[in-house]
Every structure is written in C-alpha cells, then in structure tokens.
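Descriptive structure summary
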Amino acid sequence: MSAPPLNFAAFVMNTTSHILHGAWRAPEAQQHHFNDLDHWIGLAKLLEEARFDFIFFADVVGLYDDYQGDWKKFVDSGLQIPSNDPLVLASAIASHTEHLGIAITSSILQEHPFDFARKISTLDHLSKGRIAWNIVTSLSDNAWRNFGYDGITKHDDRYAWADEYVDVAYKLWEGSWDEGALIQDKTGGLHGDYDRVHKINHVGEHYRVEGPHLVSPSPQRTPVLFQAGSSPAGRRFAARNAEAQFILSPSPDAARTLIADTRRLAAEAGRQPTDLQFFQGLSFVIGSTEQEAARKSRELDELIDPSTIIAHSAGGIGVDLGHYDLDTPIGQSHTEGSQSFLLWLREAVPDREPTVRDLAQLRSRTGRVVGTPDQIADRLEQWRDAGVGGINVINATIPGSYVDFADHVLPVLRERGLAKREYAEGTSRAKLSGHDRLPESHPAARHRGAFAKVPA
C-alpha cells in the first residue's frame, strides 16, 4: 500500500520579520504589509488554489529576552514587533476561502480558557469546521510580565498548567453540550434542551469555571490540535493531546527517532500511535537548474541578518548572546526557555558543544532545501519515508515563496503522489484524519456525557 500524500501548511506570522530575518528587505517581499487585510486574504486564496491544508499562524505575546542588554534590536530589525493578533484575522480568511484550514497559535498565558473556548467555537462555526489551535506555553519573561507575573514559570510547571488549561477547554467543547441539545423548534417554541446542556463546575489549581459553554457544538467541537514542543515535557504533552506536532528536526533520521519516541509516548497515554501526524518545518529555494538554485540561496544569505537570527534564537532559550564571541559554547546553560530548541541544536551538532556561530548559521540554513523541483521532491520523499506526514513551509518572502512552491514544486509532487490533487470534503479534521470529531482514544473524549444531570 502506497504512503498517503503529504499535507502542507504555510507557516506565517502577522508581522514583518518572522523566521528568516532580513529577507523582508528583498524588493519583491510584501510581508511588511502585514497590517493590510487584503494582503492576508490574497495569500489565503493563493494557498487554497494550491491545495494547502492550513495557513498556520505563529504568535507571541511578548518580546524575546534582551539582546546586548536591552530590546532595541527587536524594534530596529522588526523582529516580531509590531505583531498583530492572528485570531482577529481568522474570520476574514474564513469568509474568503472554502477548504483552507486556519491554525491559530494561542498561549495558555494570554487568555482565560472560558473566553478562548468561546472564541474558537464561534470561529469553528463561521468557518464550517476549519479551525486549528497550536497550543503554546510562552517562553519569554516579557510575555509573563505582560500578564502580571514576575517572570517565566518553570518549564515543566508550564506544561502542568497547560494540562489544566486544555482540560477546561475540553470540558467546555466536548462535555457541556450533548448532541441534539440545540433544537430550535419554531412550531413548539423550544429552542434548546435544558437536560442536555450542562455546567462543568471545574475547580483546579489555576481555574474555577462553572459553565455552561455559551456556544453550541461546532462542526469539530474541539479544533484540530497542534503542538510544537520537543522537550521531554513537551513531547509528553503532545503525546497526550496533539493531533499534529510541528517539528524542526535537522534531518530525516533525527525526525524518524523523534517520531518513533513520541508515538511510543502516545501509546503509553492510551492513544493510537497513528493519532499523531508530524509537520516538519522547511524552507525552499527553487531553481530551474542546480546553479540557479545555488545562486538564489547565496542571494538569500546576503539578505539575512545574522545578528537578528541570533537575537531571535537566543531569546528563545533565555540567554542574551549579544555580548558573546561567536565561538562561545551555548548549550551548557540551563534555562526556563525553549528546551526543545537546545535539543534541536545538539542534534544538529552532535559531535561537540554548539557555539554562537553554529546557532547563526544553522538557524538560517538548517531546514532550507535548495534545488530543482525534482531534487526538492526527492528530498521531501525522504522526509515522508521518515514518518513525516506534513510540511510547514517557511517563507523567505510573501507571497513569493508560496507562489514559487505552488507553481514549480507542487506539480512535480502531484505527479509522484506526494501531494493531493483536490481537497477532500468536510472539516479540517476530516481532511486530516477522516473524522469530524476527536476519536474516543483522545483524553478530551472522557468528558462526553460526563456532566449529565442526575435526577433528584
């Protein structure tokens, strides 16, 4: 039996400088128009025409940690500031597309789970079941101080907090309304069935939520669940909760190891190992010949700002590397930031302690696939054979990176069975897994019917 085609997501952010910092300066780049709604609607239409599965919005709710002692670098370079709320964009994108999934990053820190669950259910209704949630825990001190805390909560404690956050959301999405509770009988005058709508009465360490959920069940009830952590705590969280994990493995072999271990953890959590898909983050430099692709890659390197790459990456691990020599080892420090990033760095430099120089070079080039469409297809086949089910396409320019991928690479992928020709019908979850709702093996399913009223 042949392997299924890969899924594709466009990895974007409602900001100018997202991942490949400095590339926004290219004459053809349009990502500096991120405040313009037409910019995003045009991109969404392009992605849907190309049969992308998701437009995947990254997001932050604070600056990364200081670079050279303060946060001037972030403003100077546009490093994810200004940065707008992607949740506000979702309904506009939904109104101009029919099939494209809309994945929104939202932290446990930034919004109370009751209000967040209400907004997501509303969007899932309006989009006819095309909303996904990328669950994050926020890794910068500034983000936590923006919400009234002294600083970042310890890494593993954040995931314990996330466990309660998603549990509240699951109770609201899966347990507060039984199937058929919304009646809307004009003749009889009965709008809803009281006996099938329930308060959840959640009392936990961080939240007290009475309920009921104020939104009736949406097409998916719970949105498609993404998660991006690759630390031990992050992988355990993904194994329990995620349907798709965003990974940044340095090679197909490294991805194969990570995927096998996360699937093992999923089985230990009582889920089917195949309940998870894995989306590898890659960027592409495409040429009609190898020489043209290599030239384009060199031109991209000339645009990229290494110091901004270092500022971004160092902020993610909670260490100010702005004053360090390029040959300073950086992997020995313990931080409460992104443990998954340190793991990625050590995987990429397995034979010695990674340095600041390694960080700058690897972050701008690792995950970059350079070549002709056929060569890129060969490489993507290797990722699929390693167990990767989807590709999160990182852009250098918007819309150019996606135009090039759609026009030149996707036709070759379709010829090889590596990309779909047409969308399947139904919700984003149905397109991804064949079902509108979460399977019974998912921990959210235990809340179905759990709050039924007990007769007096």
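Keep in mind it's a predicted model, so treat the numbers as computed, not measured.

**Observations concerning the environment of Gly62**
- Locating Gly62 in the fold gives a position in the loop between strand E2 (54-58) and helix H2 (72-77).
- Residue Gly62 is classed as buried on the basis of its relative accessible area of 18%.
- Measuring from C-alpha to C-alpha, the distance between Gly62 and Arg118 comes to 24 Å, with 56 residues separating the pair along the chain.
- The contacts of Gly62, once residues within four sequence positions are left out, are Ser140, Asn142, Ala143 and Asn146.

**Description of the pattern of salt bridges**
- Counting across every chain of the model gives 28 salt bridges.
- Between Asp378 and Arg416 there is a salt bridge whose closest N-O contact spans 2.6 Å. With Asp378 in helix H13 (residues 373-385) and Arg416 in the loop between helix H14 (400-415) and helix H15 (428-433), this pair connects stretches of sequence that are 38 residues apart.
- For Arg416, a relative accessible area of 32% corresponds to the partly exposed category.
- Put simply, Arg235, Asp261, Arg264 and Glu268 are held in one network by salt bridges that share partners.

**Some words on the UniProt feature "binding site: FMN" (unreviewed entry) in the chain**
- The feature "binding site: FMN" (unreviewed entry), as annotated in UniProt, sits at Asp59, Thr105, His155, Tyr159, Ser230 and Ser231 in this numbering.
- If you trace the backbone, Asp59 turns up in the loop between E2 and H2.
- In this structure Asp59 comes out as buried when scored by relative accessible area, which is 14%.
- Excluding its chain neighbours within four sequence positions, the residues that come into contact with Asp59 are Met13, Ser83, Asn84, Pro86, Thr105 and Gln110.
- With respect to the helices and strands, the residue Ser230 is situated in the loop between strand E9 (224-227) and helix H7 (232-241).
- When its relative accessible area of 9% is taken as the criterion, Ser230 is described as buried.

**Quick word on the packing of aromatic side chains**
- The full count for this structure, using the stated rule, is 22 aromatic pairs.
- An angle of 70° between the planes, with centres 5.3 Å apart, marks the rings of Trp144 and Trp161 as edge-to-face. Here Trp144 is found in helix H5 (residues 141-146), whereas its partner Trp161 is found in helix H6 (residues 155-175), with 17 residues between them in sequence.
- What makes Trp144 buried here is its relative accessible area of 0%.
- For Trp161, a relative accessible area of 6% puts it in the buried group.
- A network of ring pairs unites the aromatic residues Phe11, Phe54, Phe56, Phe226, Phe246 and Phe279 as a single cluster.

**Points about the nonpolar core**
- Counting residues in each nonpolar core, the largest one holds 84 residues, and the members touching the most others are Phe8, Phe52, Ile55, Phe284, Leu380, Phe405 and Leu413.
- The leading source of residues in this core is H6, at ten residues.
- Residues in contact with Leu413, not counting those within four places in the same chain, are Phe8, Ala377, Leu380, Phe405, Leu418 and Ala419.
- Membership of the second largest hydrophobic core comes to 23 residues, among which are Ile19, Phe54, Ala244 and Ile304.

**Some thoughts on the pairing of strand E3 (residues 101-107)**
- Burial within E3 is extensive, with seven of its seven residues counted as buried.
- With burial as the criterion, each face of E3 is covered, one bearing Gly101, Ala103, Thr105 and Ser107 and the other bearing Ile102, Ile104 and Ser106.
- As defined by bridge partners, E2 adjoins E3 across four bridges and the pair is classed as parallel. Within E3, the position partnered with Phe57 by the bridge is Ile104.
- Bridge analysis of E3 against strand E4 (residues 131-136) gives six bridges, and the strand direction is parallel. Bridging from a neighbouring strand, Ala103 pairs with Ala132 of E4.

**Examining unusual backbone geometry**
- Of the consecutive residues Ile81 and Pro82, the connecting peptide bond is found in the cis state with omega at 0°.
- Within the fold, Pro82 resides in the loop between H2 and helix H3 (86-95).
- In this model, Gly211 is joined to Pro212 through a cis peptide bond whose omega is 10°.
- Position of Pro212 relative to the elements: it lies in the loop between strand E8 (208-209) and E9.
- Look at Gln80: it is not a glycine, yet its phi comes out positive at around 55°.
- With respect to the helices and strands, the residue Gln80 is situated in the loop between H2 and H3.
- Under the relative-accessibility criterion, Gln80 is labelled buried at 6%.
- Residues other than glycine seldom take positive phi values, yet Gln184 does so here, at roughly 55°.
- Here Gln184 lies in strand E5 (residues 182-185).

Criteria and cut-off values
Residues numbered from 1 in each chain as written. Predicted model: local features only at pLDDT ≥ 70, side-chain atom pairs only at ≥ 80, totals over all residues. Heavy atoms only, no water. Helix = DSSP H or I, 4+ residues; strand = E, 2+ residues; numbered from the N terminus. Buried < 20%, exposed > 50% of the residue type's maximum accessible area, 1.4 Å probe, protein only. Contact = heavy atoms within 4.5 Å. Salt bridge = Lys/Arg side-chain N within 4 Å of Asp/Glu carboxyl O. UniProt positions renumbered as here; feature names shortened; annotations may be inferred. Phe/Tyr/Trp six-rings, centres within 6.5 Å; stacked < 30°, edge-to-face > 60°. Core = buried A, V, L, I, M, F, W, Y, C linked by side-chain atoms within 4.5 Å. Pairing = 2+ DSSP bridges.

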